[in-house]
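Fold and contact review
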Amino acid sequence: MATLKERIDADLKDAMRSKNELTLSVLRMLKSAVKYKEVEPGASALDDAGVLTIIAGLIKQRRDSVEQFKTGGRPELAEKEEAEISILQNYLPKQLTADELAAEVRAAIAETSAKGPKDMGAVMKNLNAKIHGKAEGRAISEAVKSELAKLS
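Residues numbered from 1 in each chain as written. Predicted model: local features only at pLDDT ≥ 70, side-chain atom pairs only at ≥ 80, totals over all residues. Heavy atoms only, no water.

Quick word on the side chain of E81
Filter applied, for reference: By definition, any uninterrupted DSSP run of H or I lasting at least four residues is a helix, any uninterrupted run of E lasting at least two residues is a strand, and each is numbered from the N terminus. In this description, contact between two residues means that some pair of their heavy atoms is separated by no more than 4.5 Å.
Locating E81 in the fold gives a position in helix α4 (residues 75-89). The contact partners of E81, leaving out residues within four places of it in the chain, are R62, S65, V66 and F69.

Some words on the pattern of salt bridges
Quick reminder of the rule: By definition here, a salt bridge exists when the distance from a side-chain nitrogen of Lys or Arg to a carboxyl oxygen of Asp or Glu is within 4 Å. With a 1.4 Å probe rolled over the protein chains alone, any residue whose accessible area is under 20% of its type maximum counts as buried; one over 50% counts as exposed, and the rest are partly exposed.
Counted under the stated rule, the structure contains 16 salt bridges. The salt bridge involving R138 is made with D64; its shortest N-O contact spans 4.0 Å. Of the two residues, R138 is situated in helix α7 (residues 137-151) and D64 in helix α3 (residues 48-71); the sequence distance between them amounts to 74 residues. On the accessibility criterion, R138 (47% relative accessible area) is partly exposed. The closest approach of N and O atoms between R106 and E147, which form a salt bridge, is 3.5 Å. With a gap of 41 residues between them, R106 in helix α5 (residues 98-112) and E147 in helix α7 connect regions that are remote in the sequence.

Overview of the environment of L151
Along the chain, L151 turns up in helix α7. In this view, L151 contacts I109, A114, K115 and G116; residues no more than four positions away in its chain are not counted.

Concerning the packing of helix α2 (residues 21-38) against α4
Quick note on the threshold: Note on method: axes are straight lines fitted to C-alpha atoms, helices fitted across the in-contact stretch only, with angles between N-to-C directions ranging 0 to 180 degrees. Two helices crossing with the near one rotated counterclockwise from the far one by less than a right angle form a left-handed crossing, whereas a clockwise rotation gives a right-handed crossing. Any residue outside Ala, Val, Leu, Ile, Met, Phe, Trp, Tyr, Cys, Pro, Asp, Glu, Lys and Arg is labelled polar, Gly included; the first ten of those are nonpolar and the last four are charged.
At a minimum axis distance of 10 Å, the contact between α2 and α4 shows a crossing angle of 65 degrees. The interaxial crossing formed by α2 with α4 has right-handed handedness. Contact with α2, carried on its side by L22, T23, V26 and L30, involves A83, E84, I87 and L88 of α4 and no other residues of that element. Residue composition of the contact of α2 with α4, by class: 6 nonpolar, 1 polar and 1 charged.

Following this line, the structure appears as structure tokens:
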């Protein structure tokens, strides 16, 4: 099975051949972000988990931009950012549904013996290791907060 970086490279070549400008620019930007991370001092070649972290960060940046463009009255720019998000999401694993996420959160709370909101860090650490890339950080955080609030 190909690594995520190999899949991105293959898709980049396909986008060049089909002259799909949006996909091409998004994949170039992603490849650049991965390369930039790899050339940082002390860094090494990224594995799939490292690439997923970069993709999640890029999606988060785009979501923030969408909000700013919408409040700034620039819907055409917001649409472009949303199109970029959908391309980037193709490289993430299948996302968890709200029910699946809640089940994972309850399991992590049980594993860490969390008693309330002060144990959020331990629960998040446990969860992030298991569901890395399968849900957005904000969604995970909110699910953990609501479940821990029920305990206290």
